[in-house]
Structures are given as structure tokens and as C-alpha cells.
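Fold and contact review
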Amino acid sequence: MSDVERLLAAVRSRVHAFDLGDPAQVLDEEALSEVDRLLRDTDAATRFEAVRAAAWLHWCRYLALPADGEQPDLRRAIELFLQVARVDLRALPGPLLRKVLGTDGVADSAPKAGTTRDLIRQARRTGDPVVLEEALRQVIEGARDSDPAAAPLADLDEAILVGRETIGVIAHDHPYRSLVIGRLASAIQVRYRRTGLTADLDDAIAFGRMGLPASMSPSSYVVHLANLAGALVHRYDLAGVRADLDEAITLSRRSVAHQPEGHPDAAALWNLLSGALCRRAQRDGDAADLDEAVEMCRLAVAAAAHPAMYLSNLGGQLRLRYARRRRDADLDESVDVGRRALASGPTNAPDRAGYLMNLAGALRLRSAGTGDDATLDEAIALARQAVAATAVESPERADRLTLLGTVLHDRYESSGDDADVDDAVDAWSAARASVTAPAATRLRAAIRAARAVAERDGPSAAVGAYSAAVGLLPLLAWRGIDPDDQQFLIESHAAGLACDAAAGAATTGAVSVGIELLEQGRAVAWSQMLDLRGDLSPVHRASPDLAERLVACRRALEQPFHTARGAGR
């Protein structure tokens, strides 16, 4: 630990002691000496955190000392907090923040309740945007920090409900309106990641677009841009709409370009742009996008105080570049940064399953190149851990099951052990059945399962698996997306699927089943060319309410999949 890091930890410890009721720690004269040395010795990488810690220590001293006479700690705290505000307005103490925003009139209603549930109830009772923004902030942090498999969603659900109820009555010129909309969009997006409910993702994007006024502070503005871009990336992963991906890249570039110097979320902003570029490179085969994605991810690693997640993402992108160019240096670095991510991240980190998956994928490629069975065994073990660490309802579980099936099948091809191919088919079948996963992921797993069965046991044995795969085609190319996107998805993920399925059925003598499977595939293709929606204009004229209900039903039926919350939700 460097001297600056030790000083920063010491100052933070004193502020924490004050929060726990011990003012002596901040009133100690040594505290001022530590602050002076911290501000003198800090560098560009640590300056924001150093200034913020120093500002809070002087603020705590101001609160602890008598109010009469001169107040040099208050003046010094304000000077330092003004520097902090240029980067992150949210880092100011509540009274100062309200002065900066000109909201002293609502100071009396600032959050006083002790628990998140109390804040939510206070927000519902008073409709106060200040209280609501704090309640949403707390439920977002609580949902992100908790165990996804076990943590209840009640507070998150209730806060979102109160947020929806309150947004419409907040004055458009209220200084907290944009913050509340941004928090609400983030809370809905957090819930989507926990439940996979597609309506939440659409709502997160809608609220995100609503909350982009130019009056936001620079720090809040770039975070809001990034949150909206992140939601668009999720929706692209779900439905494959190219426009969502392009918009996400545009917003991510804007967030990176507008970030104030020393922004605390700089690593996350670089990482988001990197991920969006990587997806476009996978879709279009553009080497320049992939190279830029790798470089953006390197910037994220360099900017991060805790880089485990960004190291893992860098490993995944280097693995993709190796698969395209076969440069051994990319694969070696992918394995190296993947191991560093696992070693540096806590064992209970929410993102650990992703670290395991990225390293497993790199080890699989290394095993394919070297023929090393021990490396493949390690890849399988890591893939199993990744699946075990992912909640059953997570949209990401299917992707991890698919990788597990793939590495198991690799080992089956080298060893001939039927147990491995059985386990591979089971993993792929579980991925296919995941209703929260993107349709493309489910279909990819279904096709692999069918082909594995056909290769080992013959085409006739795979008719059921092929039928299940064909049944997913309408979800892949649902009519709610652009025809060009539909065509791309079918050509990329399902070319020849219906023919393979029909051929398998024909070998069993079930000609009618084969014809039916061919017809299912053909129907999906025809639905791209023929928009079968009726014109509702006459209904709108005769009965507007009925027309709106028909539109709502049609939208619900065109969703690529449906998920249900548990009983009582």
C-alpha cells in the first residue's frame, strides 16, 4: 500500500468513526496533518477520492465544533466540496447539495427515516422527490450488493411502484426531477437483471430517454447516458435489434467524451463502450471495432481501483480476437488476465460467474490448440462453477450452460466417454428451456443438442431435439423487430435448421412430421415478408378504447418470450 493510500484510509477511518458517534477522531490535530499530507502527495489517479475524503473530514469537524466564533473547517469543507462537485454533485452533504441546487425550500423534508422501507413509505406519503431519490438510491445499492439468488425484491418493487406514481406529479422545473427519473430507470434495469422481465427493460429505456435534460450536472449526465446505453445493450442481446446497438455505441461515446476529469465511474464508462463495440464486431466482423473494444477495455482496467471485472472482460475480448486472427499472444494474455481477475476479485463477487466463464472459454481454445487434456478438464471445472454461481432465473445462465455443454462435448470427442456427451446434451437442453435467456442463445443451445444426438445416435434419435429447436424460430425472428434484423438472425443462427429437422424425421418414416417441421421453418420466413397485422383505423374510429385494448394484446403476443414473477409478486 502506498503512502497516499495509507493516508486516504486513515482519513476515511476518522470520518467513519465520527459517523459512529466518536467526534474525537476528527478533532484530533493529527487528522489535519494527515489531510494536509494527503492533498500534497496525491496524484491524478487518486485526487478525486483524496479531495472528497478531506472535504468530509473538515465537514465533520465543523459539525463537531461549537457554532459560535469563526468556522474555518466549514470554509475549507466548502472549498473542497466545490472541487468535488465539478466531478460528482452527488458526493456533497445534503445541506450543501440543496444549496447548490437551490432546493432549500425542501430541506425540511430531506430524508430523516432510518431504513429503506421507511424512506419508501415517506416518499409515498409526501410525494417528495428528495426522499424518493434517496429511497431509489438505497434500493439500487441493496439489490446490487445482495446475493441475487436469495435477496428479496420487495423493497425494489415497492420503490419502483412509488417512483412511477410520483414522476407524473413532480414539477418539470424541479431540480430533483432528472435525478429521480434517472434513479427510477436504473432501479427498473436492476430488476430486469434480477428477473429477466422484458417489460422492465423497455421501461428502463423509456425512462432513460425521458431523463436526459441538459440541466443535469456533468457527472450525473454521463452516468445517465451510460445507464441508458447499458439498457440498450441488454435489449440488443435479447432481441438482436441493430438500431439498439448503434444507439448504445453513440451514447457510450458521448458519455466517455463528456466525463469530467477524475470521474469516479470512468472505468465503467470505458468498459461499457468496449462491450458495445465488441458486440458490433461480432455481428459485422469488423476488425477495427474489435481492436477499439480491446483498447477501450485496457483503459477501463487502467482507470479501475478494483479491476477484476474489467480484467475478465478484457480476457473475453482477447479470446474473441484470437478466434478470429489466431495470434497466440492474444490467447496467452486472455488466459493471464482471466486468472488475474479470479485471483483479485472476492470469492463472493456477483460478477464472479462471468470471470469463471471467460477463463473457461480461453482455456478451451488453448486446449484445442495444444491437445492438453488437463487444460480442458480445468475449463470444464470452471464452467461448472460458473453455472452453479448463476441464479436459475438469470438471463445469463443459458449462455454459461451453453459453454459448459460445449467443453463437455469437446472432451467427449477426444475421449469417447458417453457420460460427457450426455451431460453436454443436458446442459444444452437446460439452456434451451431458459425462458429469460435471449432467443438466439436458446436456439444455439437447442441446435447443438440436436446435432450431438444425431451424430452419436443417428438422425432419427434427434427428431425431438430438432423439433424443440424449430419451435424457437418464431421467438428468434418475432415480428416486433425490423425485417432486416429478422433476416440477419435467421441466417446467422438457423440456416438449414428446418431441413435438418425434416431429414431426421424422414429417416424414421415420419414424413408428415418432416413436412410439418419444414412448414414451421417456411412460415417464419414468410412472416418476414408478409406483415399480417390488420389495419385498426376503422376500429379506432368506432371504439377507441377497444382499439387500444387490441393493440395492447397484439404487443403482448408479439413479445419474444414471457416471464412470470413468483406467486404473490
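Residues numbered from 1 in each chain as written. Predicted model: local features only at pLDDT ≥ 70, side-chain atom pairs only at ≥ 80, totals over all residues. Heavy atoms only, no water.

Some points on the environment of Asp155
- Structurally, Asp155 is set in helix α9 (residues 154–167).
- Once you skip the residues sitting within four places of it in the chain, Asp155 turns out to touch Thr116, Arg117, Ile120 and Val139.
- In this structure the side chain of Asp155 is engaged in a polar contact, spanning 2.4 Å, whose partner is the side chain of Arg117. (Helix = DSSP H or I, 4+ residues; strand = E, 2+ residues; numbered from the N terminus. Contact = heavy atoms within 4.5 Å. Polar contact = N/O pair within 3.5 Å; in protein donor to acceptor, adjacent residues only side chain to side chain.)

A few points about the confidence of the model for the protein chain
- Mean pLDDT for the protein chain: 81, with 76% of residues reaching 70 or above.
- Counting contacts from residues 100–113, a segment whose pLDDT is below 50, to residues more than four positions away or on other chains yields 31 contacts.
- pLDDT under 50 marks residues 528–535. Its contacts with residues more than four places away, or in other chains, come to 11 contacts. (pLDDT = per-residue confidence, 0-100.)

Thoughts on unusual backbone geometry
- The residue Arg326 is not glycine, and still its phi comes out positive at about 60°.
- The residue Arg326 is located in the loop between α16 (308–325) and α17 (328–344) in this model.

As for the pattern of salt bridges
- This structure, assessed with the given rule, holds 44 salt bridges.
- Between Asp410 and Arg364 there is a salt bridge, with the nearest N and O atoms lying 2.4 Å from each other. Of this pair, Asp410 sits in helix α20 (residues 397–415) while Arg364 sits in helix α18 (residues 352–370), and the two are 46 residues apart along the sequence.
- Under the relative-accessibility criterion, Arg364 is labelled partly exposed at 27%. (Salt bridge = Lys/Arg side-chain N within 4 Å of Asp/Glu carboxyl O. Buried < 20%, exposed > 50% of the residue type's maximum accessible area, 1.4 Å probe, protein only.)

Details of the side chain of Arg442
- Looking at where Arg442 falls in the secondary structure, it is placed in helix α22 (residues 439–457).
- Looking at Arg442, its side chain comes within polar contact range of the main-chain oxygen of Ser434, at 3.1 Å.

Describing the nonpolar core
- Counting residues in each nonpolar core, the largest one holds 98 residues, and the members touching the most others are Leu314, Leu382, Leu404, Val407, Leu443 and Leu497.
- In terms of residue count, helix α12 (residues 218–239) provides more of this core than any other element does, 12 residues in total.
- For Leu314, the residues in contact, after removing those within four places along its chain, are Val294, Cys297, Arg298, Val301, Glu333 and Val337. (Core = buried A, V, L, I, M, F, W, Y, C linked by side-chain atoms within 4.5 Å.)

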